[in-house]
Amino acid sequence: FKNTSVIDNPLDGRTFSPFLLCFSGDTRPSPRLVRACQEIRSQCRPPVRIAFLMHESTFDDETRGKNEAIKKRHSTVCEALDIAGQIQADATSLTHFS
């Protein structure tokens with residue numbers, strides 16, 4: 001992760017700034033995911049932004065939705081967006097795969 005300020009594209013010689021993509025999987029909100037994203041970002045020199053978070057979000061944040069999310073081990077919309085804020089993601093996509 002050293003010297004990641006600019007990367008040369010070997011196919012056409014253009015340069016670009018590296019970025020990170022984070023994918024949560026089908027799960028409840030995870031402090032381990034937040035730590036992993038923060039750690040990998042801080043290991044890059046200079047630090048690299050987390051450009052995109054794809055996070056599981058099955059239920060809304062009403063009482064019933066929150067209870068179902070806990071019961072079925074999924075995330076609510078606000079829980080997923082909270083993770084996005086914690087890792088300072090530039091953009092977030094909320095998904096659910098069955």
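Residues numbered from 1 in each chain as written. Predicted model: local features only at pLDDT ≥ 70, side-chain atom pairs only at ≥ 80, totals over all residues. Heavy atoms only, no water.

Draft legend 1. Focus on the environment of Arg28. In this structure, Arg28 sits in the loop between β3 (20–23) and α1 (31–43). Given the relative accessible area of 22%, Arg28 is considered partly exposed. Setting aside residues no more than four positions away along its own chain, Arg28 makes contact with Ala69, Ile70, Arg73, His74, Ser75 and Glu79. Among the polar contacts listed, one links the side chain of Arg28 to the backbone oxygen of His74, at a separation of 2.7 Å. At 2.8 Å, the side chain of Arg28 forms a polar contact with the side chain of Glu79. (Helix = DSSP H or I, 4+ residues; strand = E, 2+ residues; numbered from the N terminus. Buried < 20%, exposed > 50% of the residue type's maximum accessible area, 1.4 Å probe, protein only. Contact = heavy atoms within 4.5 Å. Polar contact = N/O pair within 3.5 Å; in protein donor to acceptor, adjacent residues only side chain to side chain.)

Draft legend 2. Looking closely at the confidence of the model for the chain. Put simply, the chain has an average pLDDT of 85, and 82% of its residues get 70 or more. Per-element averaging of pLDDT across the chain places strand β1 (residues 7–8) at the bottom with 59 and helix α3 (residues 77–87) at the top with 96. (pLDDT = per-residue confidence, 0-100.)

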